[in-house]
Amino acid sequence: MRTHQSLLVAGLVLLPLGAFALAPRATANDPTWAGGGKLGTAMQTLQAGQQKIGKALDKKDFATVLAQTLEMEKAVQEAKLDTPPTAGAVKEPDKKKEFVAGFRKQMIELQKALLDLEAAAVGENVDEAKKVFDERLKSIKKDGHGKYKGD
Ligand code: HEM
């Protein structure tokens, strides 16, 4: 009886472990894979959105600008709650807190710029949309990468 019980217990423990080992996981061949991190995946979405918006603005294709701006807004909403891997190198607790807060504030700047881009696209104001895209989005990205991306 004892043996049966131990076998049952062993089975119950091993079953989920086996299922975990066999579960499909993202690999480098998978388009959703981006260095394994949620932040990397969000960044890939931002990159794709930025490229599509650049082309759509030239064609005054506001439907695409709007759809891609919303995708970027969703990605930033996720990304700003993440911690950049470079924070791992900041050891002192107060400095680390400041670093992560700075990252989040820069992400919030990106959210604001995306909302302004959305408003310009809703109003079909191509000059304003291009201004937000060329002058704000790109420099927010550059500053963010300069401070938080690492190599
Ligand atoms: C339009 C804006 C942005 C675009 C298109 C963009 C694009 C990208 C791309 C393509 C990567 C490489 C992703 C990978 O393959 O792992 C990346 C990484 C990264 N970006 Fe951005 N980015 C933007 C804005 C920002 C901002 C504002 C910040 C900081 C506040 C930021 C922080 C980072 C960090 C920390 C990484 C490294 C992620 C990791 O190692 O997991 N990015 N970004």
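Engineer: Please set out the site of the ligand residue by residue, giving values where relevant.
Structural biologist: Around the ligand, the surrounding shell holds 19 residues, and the nearest of these are Met 43, Gln 44, His 145, Tyr 148 and Lys 149. A distance of 2.8 Å separates an oxygen atom of the ligand from a polar atom in the side chain of Gln 44. Within the side chain of His 145, an N or O atom sits 2.8 Å from a nitrogen atom of the ligand. Here the ligand is seated within the largest pocket. Put simply, the parts of the chain that give the shell around the ligand at least two residues each are α2 (38–58), α4 (93–122) and α5 (126–148). Looking at the shell around the ligand element by element, the count peaks at 7 residues for α2. Residue classes in the shell around the ligand are distributed as 10 nonpolar, 7 polar and 2 charged.

Engineer: Account for α4, naming residues and giving values.
Structural biologist: The terminal C-alpha atoms of α4, which comprises 30 residues, lie 43 Å apart, in line with the 44 Å expected from a rise of 1.5 Å per residue. The secondary structure elements touched by the buried residues of α4 are α2, α3 (62–79) and α5. Just downstream of α4 lies Glu 124, where phi reads positive at about 50°.

Engineer: So what about the coordination of the iron atom of the ligand? Which residues, and what values?
Structural biologist: Around the iron atom of the ligand, the protein contributes the donor atoms Met 43 (SD) and His 145 (NE2), at 2.0 to 2.3 Å from the metal centre. In this structure, the iron atom of the ligand is surrounded by 6 donor atoms whose angles at the metal cover 86 to 179°, and the resulting shape is octahedral. Of this pair, Met 43 sits in helix α2 while His 145 sits in helix α5, and the two are 102 residues apart along the sequence.

Engineer: Just give me the short version of the environment of Lys 149, but keep the residues and values in it.
Structural biologist: Its location among the elements puts Lys 149 in the segment after α5. A relative accessible area of 52% places Lys 149 in the exposed class. In this structure the C-alpha to C-alpha distance between Lys 149 and Ala 87, which are 62 residues apart in sequence, comes to 9.7 Å. Sequence-distant contacts of Lys 149, defined by excluding residues within four places in its chain, comprise Thr 86 and Gly 144.

Conventions adopted
- Residues numbered from 1 in each chain as written.
- Predicted model: local features only at pLDDT ≥ 70, side-chain atom pairs only at ≥ 80, totals over all residues.
- Heavy atoms only, no water.
- Near = heavy atom within 4 Å.
- Polar contact = N/O pair within 3.5 Å; in protein donor to acceptor, adjacent residues only side chain to side chain.
- 1 Å grid on protein atoms, 1.4 Å probe; cavity = no way out; pocket = protein on both sides within 12 Å on 5 of 7 lines; lining within 4 Å.
- Sits in = over half its atoms within 2 Å of the grid points.
- Helix = DSSP H or I, 4+ residues; strand = E, 2+ residues; numbered from the N terminus.
- Nonpolar A, V, L, I, M, F, W, Y, C, P; charged D, E, K, R; others polar.
- Expected span 1.5 Å × (residues − 1).
- Contact = heavy atoms within 4.5 Å.
- Donors = N, O, S within 2.8 Å, 3.2 Å for Na, K, Ca; no water.
- Tetrahedral: all angles 85-135°; square planar, octahedral: opposite > 155°, others 65-115°.
- Buried < 20%, exposed > 50% of the residue type's maximum accessible area, 1.4 Å probe, protein only.

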